[in-house]
Amino acid sequence: MDTKRPSRSGKGRGNNSFNRNKKSGGGGRDRRGSGGGRSNHNYIPLPAEMMVHEGVPLKKVEYKADTKFADWKLNPKLKSAIKAAGWVYPTEIQEKSFEHINALKDVMGIATTGTGKTGAFLIPLVDALLASEQPFQTLVLAPTRELALQIEEEFRALTIGMKFNAITLIGGRNINTDIVNLRKRSYHLVVATPGRLKDLYQQGKIDLQEASVLVLDEFDRMLDMGFQKDVMYLADKIGERDQTLLFSATLDKSQQKLIDHFLTDPVTVAVSSGEASAEHINQTVRFVAPDDKFDVLIELLQDAEMKRVLVFAETKHRVKKITKKLNQAGISADEIHGNKSQNYRQKALGAFKSGKLKALCATDVAARGLDIDDITHVINFEAPTDYDTYIHRVGRTGRAGKGGEAITLYDQQ
Ligand code: AMP
């Protein structure tokens, strides 16, 4: 690898210059475009008693960093950018993983969204880019379009005033624009969802061999969302690399074999238990006759306490219908699911985040990885069919240790 970073023997290709992609044309579709619909035919809801729980305040484990970023040995330009972002103390994952990432070790980071895991890999990366005479490329695979965009946004904040290039390759946007952008210049950071990246690779529009560092973000969710094969395929095409970093909120035995496949002699940095939890969230179930569900939902949403509500349904079709019904009842609502373009989804998300919308209706796939503050309630229009999905949904509220409410409308037999 042509950088000043130490390179482990046997890894890395050296001579890793940025090659322009010269080919053009082509269309293609991101596999992730389709939402999380299940046919009602096979629908077996989770038992109601699993979704009832009185929230208990989380024991706040205030992490007290030993150091401030100001004391870290970082390039002054990066220090300024960190300061401009308003970050003073590193988070736990940032403090504990820095030296390992900096030393080019493979790292397995057990950390959820909200722990600063993005900064944990971006800070050493930007520092290394500033120190290196030759550019190198980091490829980040993320499960959702929204998460991918957040990563790019954070990279831009941490490289403000520096001449580094980043690109996000995600479904729902015109692939020809990606192709043109890939041809235009070389990139220090490529953030991608697996479906779109595979598409671009198979069309010969991106040289995956350029990447010398691979980051697998929210690995557990990528597996949940059925990306295992695509991730294996892409990692295989990247081939030899200097470093692989893998972040996952949860860790179970079934993932271990895969993790072993991706990481070489990794250091594990755990800042959470690795178990999914919704302990701090009040969870209730309402038994409702299927025909009354829309009325009950509207009634719930008319409560002034319901300020920012994420409504989940099992199918894109149902999400659409709920959104329509809510708007007809005078409740501001929009929808995100795989049938909506990336632009549309971004707009709806923006309106929801800014408080213009009271309700955002979503399928599981569209809502994965969303980090929206202050969601007061999560409503499941139908019970999900598995507990992991349930926990992921419920976890959209009660962010940053705050309390939250989850209500599941259960079909009354
Ligand atoms: P993440 O877990 O990477 O999604 O980050 C969660 C949020 O914390 C993001 O909004 C980051 O901008 C923010 N953040 C990350 N690191 C720090 C830090 N050291 N100090 C303050 N905020 C941070």
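Calculation criteria
- Residues numbered from 1 in each chain as written.
- Predicted model: local features only at pLDDT ≥ 70, side-chain atom pairs only at ≥ 80, totals over all residues.
- Heavy atoms only, no water.
- Helix = DSSP H or I, 4+ residues; strand = E, 2+ residues; numbered from the N terminus.
- Buried < 20%, exposed > 50% of the residue type's maximum accessible area, 1.4 Å probe, protein only.
- Contact = heavy atoms within 4.5 Å.
- Areas by Shrake-Rupley, 256 points an atom, 1.4 Å probe, with all protein chains shown as cover.
- Core = buried A, V, L, I, M, F, W, Y, C linked by side-chain atoms within 4.5 Å.
- Near = heavy atom within 4 Å.
- Polar contact = N/O pair within 3.5 Å; in protein donor to acceptor, adjacent residues only side chain to side chain.
- Nonpolar A, V, L, I, M, F, W, Y, C, P; charged D, E, K, R; others polar.
- Axes fitted to C-alpha atoms, helices over the stretch in contact; angles between N-to-C directions.
- Parallel < 35°, antiparallel > 145°, perpendicular 65-115°, else oblique.
- Pairing = 2+ DSSP bridges.
- Salt bridge = Lys/Arg side-chain N within 4 Å of Asp/Glu carboxyl O.
- Left-handed = near helix turned anticlockwise from the far one by under 90°.

Engineer: Please clarify how the overall build of the chain should be interpreted in this entry.
Structural biologist: Of the regular secondary structure elements, the chain holds 14 helices and 13 strands. The buried share of the chain, taken over its 413 residues, is 53%. If you take every contact in the chain between residues at least 6 apart in sequence, the share linking residues at least 24 apart comes to 80%. Carbon together with sulfur atoms contributes 48% to the accessible area of the chain, which is approximately 18,600 Å² in total.

Engineer: Would you mind showing me how to read the nonpolar core here?
Structural biologist: Within soluble globular proteins, side chains that are nonpolar tend to cluster in buried spots. By size, the foremost hydrophobic cluster in this structure holds 41 residues, and its most contacted members are Phe-121, Ile-123 and Phe-155. For this core, the secondary structure elements donating two or more residues are helix H1 (76–84), helix H2 (92–102), helix H3 (117–131), helix H4 (145–158), strand S4 (189–192), strand S5 (211–216), strand S6 (243–248) and strand S7 (267–270). Phe-155 has contacts with Leu-122, Leu-125, Val-126, Leu-129, Phe-164, Asn-165, Ala-166 and Leu-189, leaving out every residue within four places of it along the chain. Core analysis: the next-biggest nonpolar cluster, separate from the first, contains 31 residues, Ile-175, Met-222, Val-231 and Leu-263 among them.

Engineer: Help me understand the site of the ligand in this model?
Structural biologist: The environment of the ligand is made up of 13 residues, and the closest members are Tyr-89, Gln-94, Gly-114, Gly-116 and Thr-118. Separating an oxygen atom of the ligand from a backbone N or O atom of Gly-116 is a distance of 2.7 Å. With respect to the ligand, the backbone of Lys-117 contributes an N or O atom lying 3.3 Å from an oxygen atom. Alone, the ligand offers 500 Å² of accessible surface; in the complex the protein occludes 71% of this. When grouped by side-chain class, the residues that make up the shell around the ligand number four nonpolar, seven polar and two charged.

Engineer: Sorry, what's going on with the environment of Val-56 here?
Structural biologist: Relative to the helices and strands, Val-56 resides in the segment before H1. Sequence separation between Val-56 and Ala-278 is 222 residues, and the spatial gap between their C-alpha atoms is 9.4 Å. Residue contacts for Val-56: discarding those within four places in its chain leaves Glu-279 and His-280.

Engineer: Just to check I follow, could you spell out the packing of H4 against helix H12 (residues 342–353) for this structure?
Structural biologist: Helix-helix packing is characterised by the crossing angle of the two axes and by the distance between the axes. One can describe the packing of H4 onto H12 by two numbers: an axis separation of 11 Å at closest approach and a directional angle of 75°. By the angle class used here, H4 and H12 are roughly perpendicular. Side by side, H4 and H12 meet where Arg-145, Glu-146 and Leu-149 of the first sit next to Gln-342, Arg-345, Gln-346 and Leu-349 of the second. Counted by class, the contact of H4 with H12 contains two nonpolar, two polar and three charged residues.

Engineer: Sorry, what's going on with the sheet that holds strand S12 (residues 377–380) here?
Structural biologist: Read from one edge to the other, the open sheet built from six strands follows the order S8-S13-S12-S9-S11-S10, with strand pairing classed as parallel. In this open sheet, the two strands that pair with only one neighbour each are strand S8 (281–288) and strand S10 (333–336). Averaged over neighbouring strand pairs, the angle between their axes works out to 20° when direction is ignored. Packing against the sheet, helix H11 (residues 316–328) makes contact with strand S9 (309–312), S10 and strand S11 (359–362), and its axis sits at approximately 170° to S10.

Engineer: Got a minute to help me understand the pairing of strand S1 (residues 107–110) in this structure?
Structural biologist: Because side chains alternate across S1, one face comprises the buried residues Val-107 and Gly-109, and the other comprises Met-108 and Ile-110, equally buried. Judged from the four bridges that link them, S1 and S6 form a sheet pairing that is parallel. Residue pairing for S6: Gly-109 is matched across the bridge by Phe-247. Pairing of S1 with S7, which is carried by four bridges, proceeds in the parallel orientation.

Engineer: I'm lost on the pattern of salt bridges in this one. Help?
Structural biologist: Should their charged atoms come close, side chains of opposite charge can pair. This model, assessed by the stated rule, comprises 13 salt bridges. The salt bridge partner of Arg-156 is Glu-152, with a shortest N-O separation of 2.4 Å. With a gap of four residues between them, Arg-156 and Glu-152 both fall in helix H4, about one helical turn apart. With a closest N to O distance of 2.5 Å, Lys-293 and Asp-411 form a salt bridge. Taken as a pair, Lys-293 in helix H10 (residues 293–301) and Asp-411 in strand S13 (residues 404–411) lie far apart in primary sequence, 118 residues in all. Residue classification places Lys-293 among the buried residues on the basis of a relative accessible area of 3%. Each of Lys-117, Asp-217, Glu-218 and Arg-221 takes part in a single network of salt bridges with overlapping partners.

Engineer: Hey, could you run me through the packing of helix H5 (residues 175–184) against helix H6 (residues 194–202) in this one?
Structural biologist: Contact pair H5 / H6: the axes reach a minimum separation of 11 Å and the direction vectors enclose 65°. Crossing angle aside, the handedness with which H5 passes H6 is right-handed. Taking contact as the criterion, the partners of Ile-175, Asp-178, Ile-179 and Leu-182 in H5 are, on H6, Arg-196, Asp-199 and Leu-200. Across the contact of H5 with H6, the residue classes break down as four nonpolar, no polar and three charged.

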